[in-house]
Amino acid sequence: MTPATRAPGWVVAALCQEPGYAFPDVLSVIKMNDTQLDFASVRATTEDDPGNSGSYFLCEGVEMP
């Protein structure tokens, strides 16, 4: 196996929880650069429920609510 050098990635087995229910999910996580992670979920999504996939960015100087 050859390690990734451009965009290291991981596979995550997760138990996600929302008010009223929990569900399993499998995610791929790719580090695009020092401030961006891309997530892709295998969970089926709809227009009303976009799921867990997307790009997440580090925002310096922003405090969590």
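Residues numbered from 1 in each chain as written. Predicted model: local features only at pLDDT ≥ 70, side-chain atom pairs only at ≥ 80, totals over all residues. Heavy atoms only, no water.

**Details of the pattern of salt bridges**
Okay, step 1: Scanning the model with the defined rule gives one salt bridge in all.
Okay, step 2: We note a salt bridge from D34 to K31, for which the minimum N-O separation is 3.5 Å.
Okay, step 3: For D34, a relative accessible area of 67% gives the class exposed.
Okay, step 4: Here K31 falls in the partly exposed class, since its relative accessible area comes to 31%. (Salt bridge = Lys/Arg side-chain N within 4 Å of Asp/Glu carboxyl O. Buried < 20%, exposed > 50% of the residue type's maximum accessible area, 1.4 Å probe, protein only.)

**Let's talk about the pairing of strand β2 (residues 21-33)**
Okay, step 1: Pairing of strand β1 (residues 9-18) with β2, which is carried by 10 bridges, proceeds in the antiparallel orientation. Considered in β2, the bridge of V12 is made with L27.
Okay, step 2: Turn length for the β1-β2 hairpin, with the two strands adjacent in sequence and antiparallel, is two residues, and the turn residue G20 shows positive phi of about 95°.
Okay, step 3: By the bridge criterion, six bridges tie β2 to strand β3 (residues 36-41) in an arrangement that is antiparallel. When the sheet's bridge partners are listed, K31 is paired in β3 with L37.
Okay, step 4: The antiparallel hairpin formed by β2 and β3 contains two residues in its connecting segment. (Pairing = 2+ DSSP bridges. Helix = DSSP H or I, 4+ residues; strand = E, 2+ residues; numbered from the N terminus.)

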